[in-house]
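# Examining the three-dimensional arrangement
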Amino acid sequence: MTIIKIMAYSLTAMLVFFSNRLLAEDGAYQIELIIFSQAMPNSEVFEQAASQIKWPSALTELSAYKKPGATTLDESYDALSKVPVYRPILHVAWIQPIGGGGLAAPVHIQGADGKLDGYFQMQHDQGLQMTVDLELGSRFDGDSGKAVIYRLNEKRFIKLNELYYLDHPKFGAVVKISLL
């Protein structure tokens, strides 16, 4: 092979690599999120009585984003609904861009009954990451008689089109992110 052909192949490979990276950074993503409570026995003691979320300065309401034409976690939601120890709280999906800076706007996540509150955020910085910070309030902890707040706070590197399960002894989340 001549040096020109080697350079042409190298240049083509670099263009493909960087164009895919730019597409992912500036593209739109479909985010799908299921949140559910779980009534499994555990011996952990929960004493959080006030919110501990460190709220981002600018929060975007979920209603500001376009809803996708189709969702992919409907069967998972139905399966959770059929198991007595799980109670689905929320199933939402939205389309969201990540701008050139690599950080998407944090999205406010709330349950209809006001017990679930928090946010979801994506970042594209040396890989795609998600941050989920949610709190689920209970009326009263069965043992102490006090109101208790359960917190699920995770930051993870993720791959597109994969299913992620975020776990807390009292509630959990299933997340899937796809590039549109």
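Residues numbered from 1 in each chain as written. Predicted model: local features only at pLDDT ≥ 70, side-chain atom pairs only at ≥ 80, totals over all residues. Heavy atoms only, no water.

### Comments concerning the overall build of the protein
Put simply, the rule reads: Secondary structure counts use DSSP, requiring at least four H or I residues in a row for a helix and at least two E residues in a row for a strand, with both numbered from the N terminus. In what follows, a contact means two residues having at least one pair of non-hydrogen atoms within 4.5 Å. The protein chains shown are the only cover counted for residues, whose accessible areas, like all others here, come from Shrake-Rupley with a 1.4 Å probe.
A count of helices and strands for the protein gives two helices and nine strands. Scanning the protein from its N terminus toward the C terminus, one meets helices and strands in the order α-β-β-α-β-β-β-β-β-β-β. For the protein, long-range pairs separated by at least 24 residues make up 62% of all intrachain contacts whose partners lie at least 6 apart in sequence. Summing over all exposed atoms, the protein offers an accessible surface of approximately 10,600 Å²; the carbon and sulfur share of this is 57%.

### Observations regarding a nonpolar patch on the surface
Short version of the rule: Each patch is built from salt-bridge-free residues with over 30% relative accessible area, joining like charges within 9 Å and nonpolar side chains (Val, Leu, Ile, Met, Phe, Trp, Tyr) within 5 Å. Here, a salt bridge means any Lys or Arg side-chain nitrogen found within 4 Å of an Asp or Glu carboxyl oxygen. Relative accessibility decides the category of a residue: with a 1.4 Å probe and only protein chains considered, values under 20% of the type maximum give buried, values over 50% give exposed, and everything between is partly exposed.
A cluster of nonpolar side chains, Met 40, Val 83 and Val 85, forms an exposed patch at the surface whose accessible area comes to about 190 Å². Looking at the secondary structure, you find Val 83 in the loop between helix 2 (74-82) and strand 3 (86-97). Classification of Val 83 by relative accessible area gives partly exposed; the value is 33%.

### Regarding the side chain of Gln 96
Threshold: N or O atoms within 3.5 Å of each other form a polar contact, as long as, within protein, one can give a hydrogen and the other can take it, and as long as residues adjacent in sequence are counted only when both atoms are side-chain atoms.
Its location among the elements puts Gln 96 in strand 3. Of note is the side chain of Gln 96, whose polar atom sits 3.3 Å from the side chain of Tyr 65. A polar side-chain atom of Gln 96 sits 3.0 Å from a polar atom in the side chain of Trp 94. Discounting residues that sit within four places of it in the chain, Gln 96 has contacts with Gly 27, Ala 28, Tyr 29, Ile 31, Tyr 65, Ala 104, Ala 105 and Val 107.

### Overview of the packing of aromatic side chains
Describing an aromatic ring pair means giving the distance of the ring centres and the angle of the ring planes. Let me state the cut-off plainly: A pair of aromatic rings is counted whenever rings of Phe, Tyr or Trp (Trp by its six-membered ring) have centres within 6.5 Å, and the orientation is called stacked for planes under 30 degrees apart, edge-to-face for over 60 and tilted otherwise.
Summed over the entire model, instances satisfying the criterion amount to five aromatic pairs. Arranged with centres 6.2 Å apart and planes meeting at 45 degrees, the rings of Trp 55 and Tyr 119 form a pair that is tilted. With Trp 55 in the loop between strand 1 (28-38) and strand 2 (60-61) and Tyr 119 in strand 5 (residues 116-124), this residue pair connects regions lying 64 residues apart in the sequence. For Trp 55, a relative accessible area of 35% translates into the label partly exposed. With 5.5 Å between their ring centres and 85 degrees between their planes, Trp 94 and Phe 120 make a pair best called edge-to-face.

### With respect to the nonpolar core
It is characteristic of soluble globular proteins that their nonpolar side chains tend to be buried jointly. Stated formally: To qualify as a nonpolar core, a set must consist of buried Ala, Val, Leu, Ile, Met, Phe, Trp, Tyr and Cys residues joined through side-chain atoms within 4.5 Å.
If you look at the biggest cluster of nonpolar residues, it comprises 33 residues, and the most contacted ones within it are Ile 35, Trp 94, Ile 109, Leu 116, Phe 120, Met 130 and Ile 177. The set of elements that each furnish at least two residues to this core consists of strand 1, strand 3, strand 4 (107-110), strand 5, strand 6 (128-138), strand 7 (148-158), strand 8 (163-167) and strand 9 (171-179). The element best represented in this core is strand 6, accounting for five residues. Once residues within four sequence positions are removed from consideration, Ile 35 is found in contact with Pro 88, Ile 89, Leu 90, Ile 109, Leu 116, Leu 134, Phe 171, Gly 172 and Ala 173. In this structure, Ile 34, Phe 36, Leu 80 and Val 174 belong to the second largest nonpolar core, which totals five residues.

### Some words on the confidence of the model for the protein
Rules: Known as pLDDT, the predictor's per-residue confidence is scaled from 0 to 100.
Here the protein averages 85 in pLDDT, and 82% of its residues register 70 or above. Counted against residues more than four places away or in other chains, residues 13-25, with its pLDDT under 50, gives nine contacts.

### Concerning the pattern of salt bridges
What the rule picks out here adds up to two salt bridges. The salt bridge partner of Asp 133 is Arg 151, with a shortest N-O separation of 2.7 Å. Placement of the pair is Asp 133 in strand 6 and Arg 151 in strand 7, with a sequence separation of 18 residues. Between Arg 156 and Glu 154 there is a salt bridge; the shortest N-O distance is 2.8 Å.

### Re the sheet that holds strand 7
Put simply, the rule is: Note: two strands are recorded as paired if DSSP finds a minimum of 2 bridges between them.
Across the sheet, which stays open at both edges, the five strands sit in the order 2-4-5-6-7 with mixed pairing between neighbours. Edge positions in the sheet fall to strand 2 and strand 7, since each of these pairs with one other strand and no more. Strand direction decides the pairing type here: strand 4 and strand 5, joined by four bridges, are antiparallel. By the bridge assignment, Val 107 is partnered in strand 5 with Phe 120.

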